[in-house]
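So you can see what is in the structure, the chains are spelled out below.
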Amino acid sequence: MTIQFKDESFRGDFSYANSPSNIPRFPFPFPEDEYMYSTNIEPHHAARAGSPFENAFDVDEHYVAEMKDRALVLAEDPGRCQALPHMETAGWDFVELVMVSKARDYPDLFKLTIDGDRWHWINKPLQIDDTFTFGDSSTLPCHPMEYIGRQVQGDHAILDQRDGNLWLDAGIITAQADWSLDFDVGMNFFEWHAPVPLAHELGVFQRALKFLLTLPQGQPSRRLNWTLTVNPRLDTSPENYPKWGPDRMTVTPENIGEKVHLRVELQTFWRLPRSNAILFPIRTYLMAMNEVVTQPKWARRIHRVMRDLRPELVEYKGLSRYHPILVEWLSQFDDGAPTSPGIFPD
Amino acid sequence: MSESIIEESILSRPTYGTLKIVPGLAHYFLADASGAECVIRVVQELPRDMMEKVHILYVPTPGEAALITSLYAVGAKRFEHFPTIEEAVAKLGDWLSDAKMGTQLYLAGTEGLVGQGVAKGEECGLDHTAVQCEHRGSLARRVQCVHCKTMIEDVTTQPVKCPSCELLLFVRDHYSRRLAAFQGVCINAEDPTEEIEIKEVFK
Amino acid sequence: MSASDHLIPVVVSNVVEVNPIIKRFEFKHVNGDELPAFSGGAHIVVEMLDDGTKRKNPYSLMSSPFERDQYAISVRRDDTGRGGSKFMHEQVRPGMEMKISAPVNLFSLDLRAKKHLMIAGGIGITPFIAQMAQADKLGVPFELHYAARSVSQAAYMDSLADRFGDHVSCYCDDQGEGVDFETLLSSQPLGTHVYVCGPKGMIERVVETATHLGWPAAHVHFEHFLAPPVGEPFEVHLAKAGIDITVGAEQSLLEAVEASGTPINCMCRGGACGQCETAVVACDGEIMHNDHWLDEEQRASKQLIMPCVSRFRGKRLELDL
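What counts, and at which threshold
- Residues numbered from 1 in each chain as written.
- Chains lettered and ligands numbered in written order.
- Predicted model: local features only at pLDDT ≥ 70, side-chain atom pairs only at ≥ 80, totals over all residues.
- Heavy atoms only, no water.
- Helix = DSSP H or I, 4+ residues; strand = E, 2+ residues; numbered from the N terminus.
- Rg over C-alpha atoms; globule rule 2.2 N^0.38 Å.
- Buried < 20%, exposed > 50% of the residue type's maximum accessible area, 1.4 Å probe, protein only.
- Contact = heavy atoms within 4.5 Å.
- Areas by Shrake-Rupley, 256 points an atom, 1.4 Å probe, with all protein chains shown as cover.
- Lys, Arg positive; Asp, Glu negative; His and termini not counted.
- Charge placed at Lys NZ, Arg CZ, Asp CG, Glu CD.
- Salt bridge = Lys/Arg side-chain N within 4 Å of Asp/Glu carboxyl O.
- Axes fitted to C-alpha atoms, helices over the stretch in contact; angles between N-to-C directions.
- Parallel < 35°, antiparallel > 145°, perpendicular 65-115°, else oblique.
- Left-handed = near helix turned anticlockwise from the far one by under 90°.
- Nonpolar A, V, L, I, M, F, W, Y, C, P; charged D, E, K, R; others polar.
- Pairing = 2+ DSSP bridges.
- Domains from an automatic or database assignment.
- Buried area = accessible area lost by both parts, 1.4 Å probe.

Details of the overall build of chain B
And step 1. Each helix and strand counted, chain B has four helices and 12 strands in total.
And step 2. Computed over C-alpha atoms, the radius of gyration of chain B comes to 18 Å, within 12% of the 17 Å expected from 2.2 N^0.38 for 203 residues, which places it in the range of a compact globule.
And step 3. C-alpha atoms of chain B, sized along the principal axes, occupy 65 × 35 × 30 Å.
And step 4. When each of the 203 residues of chain B is scored for burial, the buried share is 56%.
And step 5. Taking the contacts inside chain B whose residues are at least 6 apart along the sequence as the reference set, 64% of them involve residues at least 24 apart.
And step 6. Within the structure as shown, chain B displays about 9300 Å² of accessible surface, and the carbon and sulfur contribution to it stands at 51%.
And step 7. Side chains of chain B carry 20 positive and 29 negative charges; the gap between the two charge centres is 6 Å.

Structure representation (C-alpha cells):
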C-alpha cells in the first residue's frame, strides 16, 4: 500500500485532518469506560495489520507534514534538541534502530545499504539520499540523534541507565504535551515526572522504572497516554504556552467538535545495544472530536471517560475551562449501550 | 541564621541536610554569608592536622567583614572570597579541575549558591549525590523563565514578572539541578487579561 | 516476558583451551547473520541441554562490541558447582548448535566518566576485555589492573598487555605481586569511575577502600553475578498453577519452575537484576536468600524470593506462581 502524504499544517490555519480511512487506525487510548493511571505496559509486538502497532515505527499520511513542523520548531528554538556529551553513542544506536526498522517495514519508502561502517540511506518521502560512516558523527550534518530525529514521527527521549535509575540525558522534543526538554534534561526518572499528580502515590513510576531497568534488547514495550489539545497543534510546549494557551478560551458548544482534539501518545521503549540506554519514542496522534465520534464505540466510551474523570486529572491535563461543555456535547453520542472490550472500533 | 524549614513538595524539589565531615582526601567548602556559620561549625571541630586538607571559598554580603575574619581564622589551607556567587563558583571549578577522587564538597547558604555549587561539582565529575548541602538564609529562588530562558535571581514573589519578556510567571516547585533553577511558567497565558495579585512568599 | 523466550540459535565456531582451567567458546549465528550489538560488560545466558536437564548460565561477553560476526565467552571450570561449567568444558565441541540469549548489561561503563579504572581478579577479566575495546574506541582514558593467582592461570594477560600497552598492569600472586588499592584509589582524577569484577574478597576490599577514601558510591561499580548454588533438594507448591514441584540438588528453583511449564519472568539468572522476584504465599522454614536484589528487611519478611539463586529448607514453601 502506498501512503498518500498530506500537505497540511499544525499551526496558523490548522489544515491538519485525518482522512476517513485513517480514522479507524487511530490508537484510541481507552480500553474501558473509565480511566485511571496504570502502568499499562505491554510488549510492542507487531499487532493487527493496518493498526499503528503493526510496525516498529509507524509511518502514516501525516509523516511529511510532521517533519516540516519539527523543522520549523527547531529553527525557532534549537534548545528543543539537546544531548549531554556522553549520549553520542546512544544517538548512533537510535540511527541504526530507525533506519533498519523503516527499511525493513517500508521498503518502498526507505532503503538502507550497509557496507561495513559505510552506510547509504535513502528516505524517499523526505528526498534524502546520504552516505556516512556509522559511528563517526563528523560524517553527518548534525548530532546523530538530531539527524534521525528529523526523519521519524514523534518526539524521542533517550534515557541513560545508571545507579538503578534512568536519566533523561538527550532528546529531540518538538511536539510535547507541556514539558520542557531544556529544563528537564539531566533529570532522573522521578524528578522528570515529579509534576505529575497522583501517580507517584500510586507507585506507578516505581513500577515503571523497575520494569524499564530490566527491559531486554530486542523486546520493546509500549503504552498509550493521552490528553486533549485545542486545535491540531503539535507544539504545545511550555515555551510557547502564551501562543497556544489562549486557544483554550475559544472553545464553544458550536465549535467543540472541530476544535478539541484527542491527543494520544504511543510511547514505546527500546533497549539500545551499544549505549545500554533506553530509547523512548513519544509518538503523538491527533484526532478532532468530530472524527472520534464517527466510531460509535469510541463515542460512547469517551463520553463516559470524560464525565467520570477525577478532578485532579482535569486540572493537570489543562481541561478545566472546557471540560463541562465537552461532557455535555459528548453526551449526545452516548445512548448508554454497553461497549466491547479493547481499544479497536467495532 | 536559623535553619530553614522547607515544606514537603514534589520529587524534583531539592532537600537539604546538615553538613557533617565525612572521610575524604580533601574537603572543599563554598558558602555565602548565610552559610558561613555552618562552615565554621564543622571545620572548627576538625583536628589540626586535617586543616591541610581544607579549602574554603566564600561570598560575603557587601561591606561585611566579621565573617571573613572568622573564616580566615579557622586556618584552612586555602581561603578565598569573592563578591559574587558566579566568581566563587568559577574558582571552585578551577580548584576541582585538578582534584582527585576522594574530594568532598560541602555547600552552605542560600538555594542559589548551593544549586550552582552542585552543578559545578557535577560538571567537574563529582556526582551530585556525593555533595553535602545545608540550606541557610532566605528562601528566595533562582528561576528560569521557560519562555525566553532568562535566569531571574532572588525571586521572592509569586508570581514574578520576567524582566526580559515581561510575562507574569508562576514559580513552580519543579527544579532543574543542571540549571540550578526553578521553573517559571506564564500564569495567565490562557487569559492575559486576568488580574493576578503578586504576593511575597519566598522569604 | 522473559529474555530466555527469545533465544538466538548459534553454532559453536571454536573452542580454545586458554589454560588448564579456562576454555574460550566462540559462537556464530546458525544462519551466518550478524549477532546483536552490545556494550562492554554485557553477558549472555547460554542454554545447556545436559542429558535431559536444561541449564542456563550467564557468561560475560569478552569479544569486542564492534565485532558482530561472532561472540566469545570464557568459562572457568568449577567441579564443585552445578555442572554447567563442567558441561561446557566436557561436552561442548565446535560445530555444536546451542541457544543463547540476547546480550544484557548489568555492568556497563558510566559513559560520563572522565576515566575508567578497571580492576579484575582471575576470570573476572572477561567483561573488561569488551569494555576496554569500547573505551579505546570512544577515546576515553582507561586503566586495567589485573590480578591472577599464578602466571599459568592468568588468562589473556600477555595478549592484553600487547594490545593495550601502558593501559594494562598485571599482578601474579605467585610472583609476590598484588594491587595496592589504597595508592591506586588515592591518585585518580575527579570524575573517575572504578569497576571491579573478581572474587568476593577483592570486590569487598575495593569497595571498602574507595569508601574509606571518600569515593561516592555512584562512582564505584562491581559485577556481582552469582552462579546458582547447589544444595539439598526441596519441594515447592506453586499456588496459581496448583502444582507441587521438586527442585533438584543441582537445579535452581527458577529452572525447576521453568521445567514445570509455569510462566516466570527472569533475565540475569544470577541474583542481580530483580526480574524474577516472586511473592511468597506461605513459608514454614528458612529461605536461603543468595541474591543481591532484596534488602535485609525484605529478606527477613519472608514475603519475597529470587528463584534464580535462592533455595529453601523446611516444611512448606508456597509461591505466587
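Still to come is the rest of the account.
What to know about the pattern of salt bridges
And step 1. Counted by the stated rule, this structure contains 57 salt bridges over all chains.
And step 2. Here Asp 155 of chain A and Arg 70 of chain A are joined by a salt bridge, their closest N and O atoms 2.9 Å apart. Placement of the pair is Asp 155 of chain A in strand β6 (residues 155–162) and Arg 70 of chain A in helix α1 (residues 63–76), with a sequence separation of 85 residues. This pair shows no difference in class: Asp 155 of chain A is buried, exactly as Arg 70 of chain A is.
And step 3. If you follow the salt bridges from partner to partner, you end up with Asp 93, Glu 96 and Arg 274 of chain A together with Glu 34 and Arg 68 of chain C in one network.

Looking at unusual backbone geometry
And step 1. Here the residue pair Gln 158 of chain B and Pro 159 of chain B is connected by a cis peptide bond, since its omega of -10 degrees sits within 30 degrees of zero.
And step 2. Mapped onto the elements of the fold, Pro 159 of chain B is located in the loop between β8 (157–158) and β9 (160–161).
And step 3. At Asp 163 of chain A, a position not held by glycine, the phi torsion is positive, near 50 degrees.
And step 4. With respect to the helices and strands, Asp 163 of chain A occurs in the loop between β6 and β7 (165–172).
And step 5. Positive phi, normally seen in glycine, also occurs at Lys 149 of chain B, with a value near 70 degrees.
And step 6. Tracing the backbone shows Lys 149 of chain B in the loop between β6 (141–145) and β7 (151–155).
And step 7. Looking at Lys 149 of chain B, the relative accessible area reads 27%, which means it is partly exposed.

A word on the packing of helix α10 (residues 296–307) of chain A against helix α12 (residues 323–331) of chain A
Residue and element names in this part refer to chain A.
And step 1. Put simply, α10 and α12 touch, their axes get as near as 9 Å, and they point 150 degrees apart. Between α10 and α12, the angle falls in the class roughly antiparallel. Seen from above, α10 lies across α12 with left-handed handedness. Counting all contacts with α10, which are made through Ile 302, His 303, Met 306 and Arg 307, the residues of α12 involved are His 323, Leu 326, Val 327, Leu 330 and Ser 331.
And step 2. Here the residues of the contact of α10 with α12 are counted per class, giving five nonpolar, three polar and one charged.

Let's talk about the sheet that holds strand β5 (residues 128–133) of chain A
What links the strands of a sheet is backbone hydrogen bonding, and the strands pair in either a parallel or an antiparallel sense.
Residue and element names in this part refer to chain A.
And step 1. Within the open sheet, the three strands sit side by side as β3-β4-β5. Their pairing is antiparallel. The open sheet has two edge strands with one neighbour each: β3 (110–115) and β5. Taken pair by pair, the neighbouring strands of this sheet meet at an average axis angle of 10 degrees, ignoring direction.
And step 2. The strands touched by helix α2 (residues 88–105) are β3, β4 (118–123) and β5; relative to β3, the strand with the most contacts, the crossing angle is about 120 degrees.

Some remarks on the domain arrangement of chain B
Residues and elements named next belong to chain B.
And step 1. What the domain assignment lists for chain B is domain 1 (26–135) and domain 2 (141–200).
And step 2. Distance from the C-alpha centre of domain 1 to the C-alpha centre of domain 2: 29 Å.
And step 3. Counting residues at the interface gives eight residues for domain 1 and seven residues for domain 2.
And step 4. For the pair domain 1 and domain 2, the two sides together bury roughly 540 Å², of which 59% comes from carbon and sulfur.
And step 5. On inspection of domain 1 and its partner domain 2, the count reaches one salt bridge.
And step 6. Its residues assigned to classes, the side of domain 1 that touches domain 2 comprises two nonpolar, four polar and two charged.

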